Amino acid sequence: MTGPQSPTTADALRGAGLRVTAARVALLETVREGGHLDAESVASGVRRRVGHISLQAVYEGLHALTDAGLVRRIDPPGGPARFEGRVGDNHHHLVCRSCGALADVDCAVGEAPCLTASDDHGFAVDEAEVIYWGLCPGCSTARTT
């Protein structure tokens, strides 16, 4: 007897109201398997899976997947946008000031939105985005030697 199966990539696309295409399946699978990828890295991964795809088509696909909530876009200041498949848990990120490495960090405190604004100005806050800046272990070691 087998347990419930996890939804396929095609099921996830359909569930988000998106048409299932080879390019969208490849985009979503590339992002889900890749961590924090920039658009060029996503394009390379998609090309390995399905052949030629323009960078413009990758951007359009990433936009659609982000709008559908299947992909999260991260915009660290001073660097290119990154895309990840970890969505819906309001986690945060660590960014290395030197090499740009990016790592996930779970919610700072409590339940989403993780942080309570000192003054919400009447907003119904449902998400908090925190970026921790510093040096990754590799860059930190390199600076001390």
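Now for a look at the structure at hand.

Cut-offs used in this document
Residues numbered from 1 in each chain as written. Predicted model: local features only at pLDDT ≥ 70, side-chain atom pairs only at ≥ 80, totals over all residues. Heavy atoms only, no water. Helix = DSSP H or I, 4+ residues; strand = E, 2+ residues; numbered from the N terminus. Buried < 20%, exposed > 50% of the residue type's maximum accessible area, 1.4 Å probe, protein only. Contact = heavy atoms within 4.5 Å. Areas by Shrake-Rupley, 256 points an atom, 1.4 Å probe, with all protein chains shown as cover. Lys, Arg positive; Asp, Glu negative; His and termini not counted. Charge placed at Lys NZ, Arg CZ, Asp CG, Glu CD. Expected span 1.5 Å × (residues − 1). Pairing = 2+ DSSP bridges. Axes fitted to C-alpha atoms, helices over the stretch in contact; angles between N-to-C directions. Core = buried A, V, L, I, M, F, W, Y, C linked by side-chain atoms within 4.5 Å. Salt bridge = Lys/Arg side-chain N within 4 Å of Asp/Glu carboxyl O. Disulfide = S-S within 2.5 Å.

### Considering the overall build of the chain
Looking only at helices and strands, one finds five helices and five strands in the chain. Along the chain, from the amino end to the carboxyl end, the secondary structure elements read α-α-α-α-β-β-β-β-β-α. By its C-alpha atoms, the chain is 45 × 45 × 40 Å across when sized along the principal axes. Across the 145 residues in the chain, those meeting the buried criterion constitute 32%. Of the contacts made within the chain by residues no fewer than 6 positions apart, 43% connect residues no fewer than 24 positions apart. Accessible area of the chain: about 9000 Å², with a carbon and sulfur share of 52%. Of note, the chain has its 13 positive side-chain charges centred 9 Å away from the centre of its 18 negative side-chain charges.

### Section: helix α2 (residues 22–34)
One turn of an α-helix holds 3.6 residues; hence residues three or four places apart share an orientation. Compared with the 18 Å implied by 1.5 Å per residue over 13 residues, the 18 Å span of α2 between its first and last C-alpha is a close match. Within the span of α2, buried status applies to Val25, Ala26, Leu27, Leu28, Thr30 and Val31. Taken from the residues just after α2, glycine 35 is the one with a positive phi, measuring 85°.

### Considering the sheet that holds strand β4 (residues 102–105)
The strand order across the open sheet formed by three strands is β4-β3-β5, and the pairing between neighbours is mixed. Two strands in the sheet have a free side with no partner beyond their single neighbour: β4 and β5 (131–134). When the angles between neighbouring strand axes are averaged without regard to direction, this sheet yields 25°. Looking at chain direction, strand β3 (residues 92–96) and β4 are connected through four bridges and run antiparallel. Bridge assignment links histidine 92 to a residue of β4, and that residue is valine 105.

### A closer look at the nonpolar core
Among the nonpolar cores identified, the biggest contains 21 residues, and Val42, Leu62 and Leu65 are the most heavily contacted of them. Within the residue set of this core, elements represented by two or more residues are α1 (9–15), α2, α3 (39–50) and α4 (55–67). When residues of this core are assigned to their parent elements, the largest contribution, five residues, is made by α2. In this structure, leucine 65 is in contact with Leu13, Leu18, Leu27, Leu28, Leu70 and Val71, ignoring residues within four places of it in sequence.

### Some thoughts on the pattern of salt bridges
Throughout the structure, instances matching the rule amount to eight salt bridges. In this structure, arginine 14 and aspartate 11 form a salt bridge, with 3.4 Å as the shortest nitrogen-oxygen distance. Note that arginine 14 and aspartate 11 are positioned in helix α1 at a spacing of three residues, about one turn of the helix. Using a relative accessible area of 53% as the deciding quantity, one classes arginine 14 as exposed.

### Points about the state of the cysteines
Taken as a whole, this structure holds zero disulfides when the rule is applied. The structure places no disulfide on cysteine 136, whose sulfur is separated from the nearest cysteine sulfur, that of cysteine 139, by 3.6 Å. Given a relative accessible area of 17%, cysteine 136 falls into the buried group.

### Points about the environment of glycine 78
Counting through the fold element by element, glycine 78 comes out in the loop between β1 (72–74) and β2 (82–84). The class of glycine 78 is exposed, set by a relative accessible area of 91%.

Purely spatial values, then, with no claim about function.
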